[in-house]
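Spelled out from the first residue to the last, the chains are:
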Amino acid sequence: MPDPQRGLARLIPIDRLNRVLGRNSHEGRWSPGAKTALFFGLLALIVVAAAIYDPRPSLRHVKVAITSGGASGNYHAVVERIAAEVARQKGRVTNLASAGSVENVQRLVAARATCEVQFGLVQDGVEWPEGHGLELIGRLPRPESLLILGRQADAITTPAQLRGLRVGIGPVGSGTESLSRKVLAPLKELDLKVFTQSIDEQLAMLERGDLDLGFMVIDDQAQLVRDAVARRGLHVLDLPNASSLARNLPFARVGTIEPGQYDYARQLPAAPKRVLQVDALVVGNGCATLSQTQGLMTALTEVFPTFVRQNRQQPNFTGLPMPTVVKEFFDDEGPDLLGQFAPPLVDIMPLATWMQLVVLLSLVFSATSLLNRFRLKRIDARRVKVERELPDLFG
C-alpha cells in the first residue's frame with residue numbers, strides 16, 4: 001500500500017509538512033555546537049598524531065637478541081657496536097654473551113621453538129647440526145685471524161718443534177676450540193698437551209709460563225691482541241707452511257701480520273707473521289620478521305660500510321641458505337621503500353608482491369570500468385530504440 005505521507009511530500013515541501021504534523025524538522029540531526037566541538041576534537045587528534053608520528057626512517061621495529069661471545073672477545077664487541085647503532089635509530093638489540101661460535105649455533109637451533117634469540121655470530125667452518133634450520137644473513141667485512149701466541153713462539157719454525165708443548169685452545173664451545181682442533185688434527189704424533197680455558201685465563205697462563213702456546217681466533221687489530229704483544233711480552237707464531245695448511249681447510253685463507261703492527265716504535269712484531277684467517281658470519285634461525293632482518297642489515301651497513309659490497313661479490317659456500325629478503329637487500333644495496341617507511345607492511349608481503357597486487361587491482365578496476373561502459377552502451381541503445389517506438393505506440 002503506498003505511503004500517503006510520500007504522496008503529500010510531492011505536493012508540500014518537507015519542512016512545511018513537518019511543521020503541519022508537529023514534527024521537529026531537525027530531529028536526529030547534530031546541533032551546530034556539537035558539530036563545532038566534533039570538528040575541533042578531530043582537528044586536535046590530527047595535530048597530536050602528527051606530533052607523535054615521525055616519518056623519518058628508523059629501526060624502532062627492531063627488537064632482537066644476538067648471541068655473541070665472551071665479554072672480552074671480538075664478537076661481543078662487534079654486537080655492542082651493532083646494538084649502539086640500532087639504539088641510535090630507536091631500536092633495541094640484546095647482546096647475549098656465550099662461550100663462542102659452537103655454543104651460538106646450539107642456542108640458535110634450540111631457540112627456534114621459543115624465538116628468544118634471533119641471530120648470532122658464528123665463525124665460518126663450524127659444523128652445522130642435522131636439520132638446523134639456520135640461514136645466512138651475511139659475512140662481516142673484516143676476517144678473524146687464528147693467532148698462536150707464546151713467550152718463545154719466535155723460536156718455532158717447524159711443526160716438529162711443537163712436540164710435547166702445552167697448548168691452550170680456548171674455552172669449550174668456542175670457535176677457537178673448533179678451529180684449533182682441526183689445525184692440530186694432523187699433529188697427533190707430537191704428543192701435544194691440550195688445555196681448554198677462557199681467553200683471559202689463557203693469556204694469564206701464557207704470561208706466567210704455565211702454557212707454551214695459546215690459540216685465539218680474533219680480529220688481529222683487537223686491543224686484546226695489542227696488550228698481549230706489547231704489554232705481556234708474548235710473540236705471534238709465524239705459522240709454518242701456512243699455505244698447505246689452508247689448502248686442507250676450505251673456509252680458511254692465509255693472512256699476514258705486518259712488522260710493527262702492534263707497536264711501531266718497538267717494531268712488534270719484528271718480522272711478518274703468517275696466520276690463518278676465517279670469516280665471521282651473521283646467522284639467523286628464521287625467528288625474526290622480514291622487517292627486523294632488513295633493520296639489522298641496515299645497522300650492519302652503518303657499522304661496516306663495505307658490508308653490502310663484500311657480500312654481493314663473495315659467493316656463498318657456507319652450506320647455509322640465504323633468505324630472499326637478504327638477497328634482495330644486497331641486490332638493491334639497501335632496504336626497499338616499504339622497509340624504510342612502512343616496515344609492518346613488509347611482514348605482510350614483500351614489496352614485489354605488493355606491486356603485483358596493485359597491478360592486479362588496477363586490471364580489475366579497468367575491467368570493471370569497461371564492463372560498466374558496455375552495460376551503459378546497451379542501456380543507451382535500448383533507450384534510443386524505445387524513443388523511436390514511442391510515436392508508433394501513441395499514434
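Residues numbered from 1 in each chain as written. Predicted model: local features only at pLDDT ≥ 70, side-chain atom pairs only at ≥ 80, totals over all residues. Heavy atoms only, no water.

Novice: An account of the sheet that holds strand β3 (residues 119-123) is needed here, citing residue identities and associated values.
Specialist: Read across the sheet, five strands follow the order β2-β1-β3-β12-β4 without closing on themselves; strand pairing throughout is mixed. Two strands close off the open sheet at either side, each with one partner strand: β2 (92-96) and β4 (135-139). Averaged over all pairs of adjacent strands, the angle between their axes in this sheet comes to 30°, without regard to strand direction. Pairing between strand β1 (residues 63-67) and β2: five bridges, direction parallel. Bridging across to β2, valine 64 finds its partner in valine 93. Helix-sheet contacts for helix α10 (residues 290-303) involve β1, β3, β4 and β12 (280-284), and the interaxial angle to β1 is about 65°. (Pairing = 2+ DSSP bridges. Helix = DSSP H or I, 4+ residues; strand = E, 2+ residues; numbered from the N terminus. Axes fitted to C-alpha atoms, helices over the stretch in contact; angles between N-to-C directions. Contact = heavy atoms within 4.5 Å.)

Novice: So what's going on with the environment of asparagine 316? Residues and values would help.
Specialist: With respect to the helices and strands, the residue asparagine 316 is situated in the loop between α11 (307-313) and α12 (324-332). Apart from the residues lying within four places of it in its own chain, the contact partners of asparagine 316 are Leu136 and Met322. Within the structure, the side chain of asparagine 316 is placed 2.6 Å from the side chain of threonine 318, a separation counted as a polar contact. Here the side chain of asparagine 316 touches leucine 320 through a polar contact of 2.8 Å, landing on its backbone oxygen. (Polar contact = N/O pair within 3.5 Å; in protein donor to acceptor, adjacent residues only side chain to side chain.)

Novice: Which residues make up the packing of aromatic side chains, and what are the values?
Specialist: Applying the stated criterion across every chain, the model contains two aromatic pairs. Between phenylalanine 307 and phenylalanine 330 the ring centres are 5.7 Å apart and the planes differ by 55°, which places this aromatic pair in the tilted class. One end of the pair, phenylalanine 307, is in helix α11; the other, phenylalanine 330, is in helix α12, with 23 residues separating them in the sequence. Neither phenylalanine 307 nor phenylalanine 330 differs from the other in exposure class; each is buried. Between phenylalanine 329 and phenylalanine 330 the ring centres are 6.3 Å apart and the planes differ by 85°, which places this aromatic pair in the edge-to-face class. We note that phenylalanine 329, like phenylalanine 330, is buried. Each residue in the set Phe307, Phe329 and Phe330 is aromatic and connected to the rest through ring pairs, giving one cluster. (Phe/Tyr/Trp six-rings, centres within 6.5 Å; stacked < 30°, edge-to-face > 60°. Buried < 20%, exposed > 50% of the residue type's maximum accessible area, 1.4 Å probe, protein only.)

Novice: Describe helix α8 (residues 223-230), and please don't skip the residues or the numbers.
Specialist: All buried positions along α8 are accounted for by Leu224, Val225, Ala228 and Val229. The arc that holds the buried residues of α8, viewed along the axis, is 125°, so those residues lie on one side. Against the buried residues of α8 lie β5 (144-150), α7 (199-208), β8 (213-218) and β9 (235-236). (Arc of directions from axis to C-beta.)

Novice: Break down helix α4 (residues 74-88) for me, citing the residues and quoting the values.
Specialist: Turn by turn, an α-helix covers 3.6 residues, leaving residues three or four places apart pointing in a common direction. The terminal C-alpha atoms of α4, which comprises 15 residues, lie 21 Å apart, in line with the 21 Å expected from a rise of 1.5 Å per residue. Among all positions in α4, only Asn74, Tyr75, His76, Val78, Val79, Ile82, Ala83, Glu85 and Val86 are buried. In the segment just after α4, lysine 90 is the residue with positive phi, at about 75°. (Expected span 1.5 Å × (residues − 1).)

Novice: Go over a nonpolar patch on the surface, please, and point to the residues and values.
Specialist: Among the surface-exposed residues, Leu357, Leu360, Leu361, Val364 and Phe365 lie close enough to one another that they form a single nonpolar patch of about 460 Å² accessible area. Turning to its location among the elements, leucine 357 is positioned in helix α15 (residues 351-394). (Patch = residues over 30% accessible without salt bridge, like charges linked within 9 Å, V, L, I, M, F, W, Y side chains within 5 Å. Areas by Shrake-Rupley, 256 points an atom, 1.4 Å probe, with all protein chains shown as cover. Salt bridge = Lys/Arg side-chain N within 4 Å of Asp/Glu carboxyl O.)

Novice: Tell me about the state of the cysteines, and please be specific about residues and values.
Specialist: A full pass over the atoms with the stated rule returns one disulfide. Between cysteine 115 and cysteine 287 runs a disulfide, and the two sulfur atoms are separated by 2.3 Å. Measuring handedness by torsion sign, the sulfur bridge of cysteine 115 and cysteine 287 sits at about -75° and is left-handed. Residue cysteine 115 is found in the loop between α5 (101-110) and β3, and its partner cysteine 287 is found in the loop between β12 and α10; the two are separated by 172 residues along the sequence. A relative accessible area of 18% means that cysteine 287 is categorised as buried. (Disulfide = S-S within 2.5 Å.)

Novice: Summarise the layout of surface pockets; cite the residues concerned and give the values.
Specialist: In this structure, the largest pocket spans a volume of roughly 370 Å³. Lining of the largest pocket is provided by 24 residues; of these, Gly70, Gly73, Ala99, Thr176 and Ile199 occupy positions nearest its centre. In terms of residue count, the dominant contributor to the lining of the largest pocket is β8 (three residues). Among the residues forming the lining of the largest pocket, the class breakdown is nine nonpolar, 13 polar and two charged. In this structure, the second largest pocket spans a volume of roughly 280 Å³. What lines the second largest pocket is a set of 18 residues, among which Pro159, Val183, Leu187, Pro240 and Leu245 lie closest to the centre. Of all the elements in the fold, those that place two or more residues in the lining of the second largest pocket are α6 (175-184), β8 and α9 (242-247). Grouping the amino acids of the lining of the second largest pocket by side-chain chemistry returns 15 nonpolar, three polar and no charged. (1 Å grid on protein atoms, 1.4 Å probe; cavity = no way out; pocket = protein on both sides within 12 Å on 5 of 7 lines; lining within 4 Å. Points joined across faces, edges and corners; volume = space filled by probe spheres on them. Nonpolar A, V, L, I, M, F, W, Y, C, P; charged D, E, K, R; others polar.)

Novice: Talk me through the pattern of salt bridges; I want residue IDs and the actual numbers.
Specialist: Following the criterion strictly, the structure yields 16 salt bridges and no others. Arginine 142 is the salt-bridge partner of aspartate 219, the closest N and O atoms lying 2.9 Å from each other. Of this pair, aspartate 219 sits in the loop between β8 and α8 while arginine 142 sits in the loop between β4 and β5; the two residues are 77 residues apart in sequence, bridging distant segments of the chain. Given the relative accessible area of 13%, aspartate 219 is considered buried. Salt-bridge contacts for arginine 142 lead to aspartate 220; the nearest nitrogen and oxygen are separated by 3.2 Å. Note that arginine 142 is positioned in the loop between β4 and β5 and aspartate 220 in the loop between β8 and α8, a separation of 78 residues in sequence. A relative accessible area of 40% places arginine 142 in the partly exposed class. When its relative accessible area of 7% is taken as the criterion, aspartate 220 is described as buried. Among the charged side chains, a salt-bridge network with shared partners connects Asp124, Arg139, Arg253 and Asp279.

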